[in-house]
Amino acid sequence: MIITVTFNPSLDSIYTLSQFPIEGDHNRVPNPYRTVGGKGINSARALLSLGADVLALTTIGGDNGQVVKSKLDTEQIPVHYFPIKGDTRVSMTVMANGIQTEIVEKGPNVETDIVLNVIEFIKHYSKTEEDLSCVSINGTINHCSNNIYCLLLDKLHEFLSPNTKILFDVSQPLLGEVLKNKNLPYFIKPNLKELSELLNIPVTKKEEVIDILSKTNLLSDIPFTLISMGADGAVARINNQIYNISIPSIKVINPTGSGDSTVAGVCYALERGFSNIDTLKFAMACGMSNALHEEVGRVQSDEVEELTNKVIVEEIDYK
Ligand code: ADP
C-alpha cells in the first residue's frame, strides 16, 4: 500500500492552443481539458493506472472542494478527505508552440491541526495496514511556517517502520527546510528549476547536475535523489552511486504531471523491490507515458513496459 499526501490540490483547466493568447486582446479558445490536480493526486492517479494499491489523502475546501470530491469519486481514486476552511484553488495551463505556461493560485491556508490530523490518520493506518511501503508527500502547503514539513517528517519517523519509505516531492522554500532537518526523507525529486532555486545558482546541464550530486553536502544524506530534466531524462544518486539516465525522444502531448508520474513510478518500484537500475528505468518510463497523453497522471502499463526498454542508465564513476 502507498499513501500520497496533497495539502494543496487544485481544479485544473488545460488549454491546448495553436498559439499563445495575445496580450490585451479578446482571446477565444476551445474548451479546456479539466481535471483535479495537485502532485499527490496526480501520483495517486498514475499509481492506480499501474494497478498499485494507493490511498490519496487530500484537503478540500469550499465549493471548489466539493467539485474536486465529486470528480475524484467519479474517477474511483481511493481518497480520504480532510476538510479545511477556504476554497480549494483553481489553476490554468496553456500549451502552445510546445511551451507550457501555468497560472497557479496560491490556495487556501492549512492550519497545523489539519497536518496533525493527517499524521494521526497515517499513524492509525500504519498500525492496521502491515504493508505500507511508501508515504509520499507531494507539493506545497500554505502554512504560516516553512518548517511545517519538518514537523510532519519528525512525527512520521516516530512511528513508521523503517520498511516504510518517506518520499518528498516539494520545492522551495519547503525543500530547503526539509533538507536541514535531523530526520530526512528517503527520496526527493527536484526538477532542474527546483534544484536551481534550492542551491540559488542556475543549473542547466547534466554535467553540472552530476557535479552537484557528487559534491553538495546539502543533498548527501538523502539515500535517493532524482533530479529530473524533462526531455533530457535525469540524474540520480542512490546510496553514493550516481546514475546518468538517458531517455528516447517522444512525441509529447501534455507533460503536465510527468514529474508526479515519475514519483509514482518510484513508489511502485520501491514497493515491488526493483533493483536501482530497474527503478530508474521504470520511473522515467512512467514520466514519459504521462507526457504522451492529454490526461494528467494517467500512465499505461504496456507503454511503460515498452518505454522502460528504451531508457539507458549508466553508472557514473565520480570518485
Ligand atoms: P516535472 O514535471 O516535475 O517538472 P520533468 O519535466 O523533469 O518533471 O519530467 C519528469 C520525467 O518525465 C522526465 O525525467 C522524463 O522521464 C519525462 N518527461 C517529461 N517531459 C518530457 C519530454 N518533453 N520528453 C520526454 N520525456 C519527458
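Just so it is clear, the structure is predicted and the values come from calculations on it, not from any experiment. (Residues numbered from 1 in each chain as written. Predicted model: local features only at pLDDT ≥ 70, side-chain atom pairs only at ≥ 80, totals over all residues. Heavy atoms only, no water.)

(A) Summary view of the overall build of the chain. Counting its secondary structure elements, the chain contains 11 helices and 14 strands. Relative to a compact globule of 319 residues, whose C-alpha radius of gyration would be 20 Å, the chain shows 19 Å and is just as compact. Based on the C-alpha atoms only, the size of the chain along its principal axes is roughly 55 × 45 × 40 Å. A separation of at least 24 residues holds for 68% of the contacts in the chain among residues at least 6 apart in sequence. Just so you have it, the chain exposes about 14,700 Å², and 48% of that area is on carbon and sulfur atoms. (Helix = DSSP H or I, 4+ residues; strand = E, 2+ residues; numbered from the N terminus. Rg over C-alpha atoms; globule rule 2.2 N^0.38 Å. Contact = heavy atoms within 4.5 Å. Areas by Shrake-Rupley, 256 points an atom, 1.4 Å probe, with all protein chains shown as cover.)

(B) Spatial organisation of the pattern of salt bridges. Within the structure shown, the criterion is met by 11 salt bridges. With its nearest N and O atoms 2.8 Å apart, the salt bridge here joins Lys 215 to Asp 211. Of this pair, Lys 215 and Asp 211 both sit in helix H7 (residues 206–215), separated by 4 residues, roughly a single helical turn. On the basis of relative accessibility, which here comes to 58%, the residue Lys 215 falls in the exposed class. Here Arg 272 ties to Glu 271 by a salt bridge, and the two come within 3.4 Å at their closest N and O atoms. (Salt bridge = Lys/Arg side-chain N within 4 Å of Asp/Glu carboxyl O. Buried < 20%, exposed > 50% of the residue type's maximum accessible area, 1.4 Å probe, protein only.)

(C) Quick look at the site of the ligand. Residues in contact with the ligand amount to 16 residues; listed here are only the nearest, Lys 189, Asn 191, Ser 228, Gly 230 and Gly 259. Taking Gly 233, its main chain carries an N or O atom lying 3.1 Å from an oxygen atom of the ligand. Met 284 is positioned with one of its backbone polar atoms (N or O) 3.3 Å from an oxygen atom of the ligand. Alone, the ligand offers 550 Å² of accessible surface; in the complex the protein occludes 84% of this. Of all the secondary-structure elements, those providing two or more residues to the shell around the ligand are helix H9 (258–271) and helix H10 (276–291). (Near = heavy atom within 4 Å. Polar contact = N/O pair within 3.5 Å; in protein donor to acceptor, adjacent residues only side chain to side chain.)

(D) Here's a closer look at the packing of aromatic side chains. All told, the structure shown has 9 aromatic pairs when counted by the stated rule. Measuring from centroid to centroid gives 4.8 Å for Phe 187 and Phe 224, while their planes differ by 80 degrees, and the two rings are edge-to-face. Remark: Phe 224 occurs in strand E11 (residues 224–228) and Phe 187 occurs in strand E10 (residues 187–188); sequence separation between them is 37 residues. Residues Phe 187 and Phe 224 agree in their burial class; the two are buried. One aromatic cluster is present, formed by Phe 7, Tyr 149 and Phe 168 through successive ring pairs. Sitting over the ring of Tyr 186, Lys 165 keeps its end group 5.0 Å from the ring centre. Above the plane of the ring of Tyr 268 lies Arg 272, whose end atom (NZ or CZ) is 4.0 Å from the centre. (Phe/Tyr/Trp six-rings, centres within 6.5 Å; stacked < 30°, edge-to-face > 60°. Lys NZ or Arg CZ within 6 Å of the ring centre and 35° of its normal.)

(E) Quick peek at the nonpolar core. Ranked by size, the top nonpolar core spans 51 residues in total, and within it Tyr 149 and Phe 168 carry the most contacts. Residues in contact with Tyr 149, not counting those within four places in the same chain, are Phe 7, Ile 137, Gly 139, Thr 140, Ile 141, Phe 168, Val 170, Leu 174 and Val 178. Of all hydrophobic cores here, the second largest spans 46 residues; its members include Val 36, Tyr 186, Ile 238 and Val 304. (Core = buried A, V, L, I, M, F, W, Y, C linked by side-chain atoms within 4.5 Å.)

(F) Representation of helix H2 (residues 62–75). Across its 14 residues, H2 extends 20 Å between first and last C-alpha, which sits within 8% of the 20 Å expected from 1.5 Å per residue. Phi turns positive one or two residues past the end of H2, at Gln 76, with a value near 60 degrees. (Expected span 1.5 Å × (residues − 1).)

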